[in-house]
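# Secondary and tertiary structure notes
Each chain, letter by letter, is given below.
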Amino acid sequence: MRFDRRLILNFDWTLLILVLILCTIGVLNIFSASYSFAGAKANPFYIRQLQWVLIGIFCMSIAFCIDYRYICQYAYVLHGIAIFCLVIVFFYGFATHGSQRWISLGSFSLQPSELVKLTLILALAKYFDEHKLEQGYYLRELWIPFLLLLVPFLMILEQPDLGTGLILLFVSASMFLFVGIRLKSLLYVLTLAVFMMPVGWFFMKEYQRERVLTFLNPERDPLGSGYHIIQSMIAIGSGGILGKGFLKGTQTQLQFLPEQQTDFVFSVFAEEWGFLGGGILILLFTSLVLWSLKIALHSRDFLGTLIAFGLASLLFWEVFINTGMVLGMMPVVGIPLPFLSYGGSAVVSLLTCIGLLLNVSMRRYILQP
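## Quick word on helix α3 (residues 45–65)
- Its 21 residues place the ends of α3 30 Å apart at the C-alpha level, agreeing with the 30 Å of an ideal helix rising 1.5 Å per residue.
- Taken together, the buried positions of α3 are Phe45, Gln49, Trp52, Val53, Gly56, Met60, Ala63 and Phe64. Take α3 and look down its axis: the buried residues cluster within an arc of 115°, on one side only. In α3, the exposed residues that point more than 90 degrees away from the buried face are Leu54 and Phe58.

## Some remarks on the nonpolar core
- Membership of the largest hydrophobic core comes to 95 residues, with the highest contact counts inside it found for Phe128, Ile307, Phe339 and Leu340.
- With sequence-adjacent residues up to four places away left out, Ile307 is seen in contact with Tyr68, Cys72, Ile121, Leu122, Ala125 and Val360.

## Some details on the sheet that holds strand β5 (residues 108–110)
- The three strands are arranged β3-β4-β5 in an open sheet whose pairing can be described as antiparallel. Two strands bound the open sheet, and with one partner strand each, they are β3 (94–96) and β5. Taken over all neighbouring pairs, the strand axes of this sheet differ in orientation by 50° on average, direction set aside.
- Sheet topology note: the β3/strand β4 (residues 99–105) ladder contains three bridges and is antiparallel. When the sheet's bridge partners are listed, Thr96 is paired in β4 with Ser99.

## Some thoughts on the pairing of β4
- Where β4 and β5 come together, three bridges link them in antiparallel fashion. What sits directly across from Ile103, in β5, is Leu110.

## Topic: the side chain of Ser34
- Topologically, Ser34 is positioned in the loop between α2 (13–33) and β1 (35–36).
- From its side chain, Ser34 meets the backbone oxygen of Ile30 in a polar contact 2.7 Å long.

## Things to note about the environment of Ala75
- Looking at the secondary structure, you find Ala75 in helix α5 (residues 75–92).
- With a relative accessible area of 0%, Ala75 lands in the buried category.
- The spacing of Ala75 and Leu122 is 47 residues in sequence and 5.5 Å in space, taken between C-alpha atoms.
- For Ala75, the residues in contact, after removing those within four places along its chain, are Leu122, Ala123 and Lys126.

## Observations concerning the pattern of salt bridges
- Summed over the entire model, instances satisfying the criterion amount to eight salt bridges.
- Between Lys117 and Glu114 there is a salt bridge, with the nearest N and O atoms lying 3.1 Å from each other. Of this pair, Lys117 and Glu114 both sit in helix α6 (residues 112–130), three residues apart, which is roughly one turn of the helix. A single burial state applies to Lys117 and to Glu114, both of which are buried.
- Where Asp129 meets Lys132, a salt bridge forms, and the shortest distance between an N and an O atom there is 3.6 Å.
- The exposure class of Asp129 is partly exposed, given its relative accessible area of 21%.
- Via salt bridges that share partners, Asp67, Arg69 and Arg363 belong to a single interconnected network.

What counts, and at which threshold
- Residues numbered from 1 in each chain as written.
- Predicted model: local features only at pLDDT ≥ 70, side-chain atom pairs only at ≥ 80, totals over all residues.
- Heavy atoms only, no water.
- Helix = DSSP H or I, 4+ residues; strand = E, 2+ residues; numbered from the N terminus.
- Expected span 1.5 Å × (residues − 1).
- Buried < 20%, exposed > 50% of the residue type's maximum accessible area, 1.4 Å probe, protein only.
- Arc of directions from axis to C-beta.
- Core = buried A, V, L, I, M, F, W, Y, C linked by side-chain atoms within 4.5 Å.
- Contact = heavy atoms within 4.5 Å.
- Pairing = 2+ DSSP bridges.
- Axes fitted to C-alpha atoms, helices over the stretch in contact; angles between N-to-C directions.
- Polar contact = N/O pair within 3.5 Å; in protein donor to acceptor, adjacent residues only side chain to side chain.
- Salt bridge = Lys/Arg side-chain N within 4 Å of Asp/Glu carboxyl O.

Here's what the structure looks like:
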């Protein structure tokens, strides 16, 4: 494949700089989250995160260089491989914190559900690009996209990983609404969802019900199920307007804040940099999502638009749910904060997504089919 120099001449530096800033903040924040004045040293979490960022940048470069139309020719195959990896998890995966989500590959642990987020978007984009309906879709015309979602969704719930399952559901729903659903079909789905919500309570696992009850009243079990969210809100509130300063967050350094390098990494940042720093971080994420939507708007074809919109919705929902979770506005469901939370599979997958966004952004300048 001949590499077109116009890709370099029209490189999307804004997107790349936004992502690199967030990755840098993420590594420094993980350094702080794993630092302890008691031992005057940092846990190597931040070193491993930096390694994953570098690997992710390499994957981002590959995703950028290969035409997204060529990649999408194999979208169903890639999605099938990701689902097969989910199957492997049930037989050879290992569990931590009561969830079996990872496959051990030597020194690296692969979380296939992170790959599914990307392959599902590609698979849905391929389907809707090849089956465009100007007047919108009836439910009977969405059975294939629904199947592409349902299979990994149910497998991920079984791990159990409610957070990732919800992300798949919200991203898919966003893409369904974007391509258009007939009003009658949409009303039918919404009505069914409202009636099924009470029924869903009986299908939830005990710890998931406990999280919902804790969300409604964290004080009901302040030393148990409510401990995470209470400590998170204390950390964020204690940061005030300007924060306590880098490495000076007491909730973090005294290790009162649980999961502080993963799900509650925003609480670490807000305690050290305050309302102002937290607001700037949210502004960076907002800029990233809006820039991704701009790429979707200016894409040269409908396939590129679908890919960029799907990736923008993925970023939005992960940021929205994670920040809502740590602020006590949503139940704790274990959603990482993009580019900031510790995790190799997540950061590599997200940077690969950014490579695809760069791909779509720049190929609009190449006019030949």
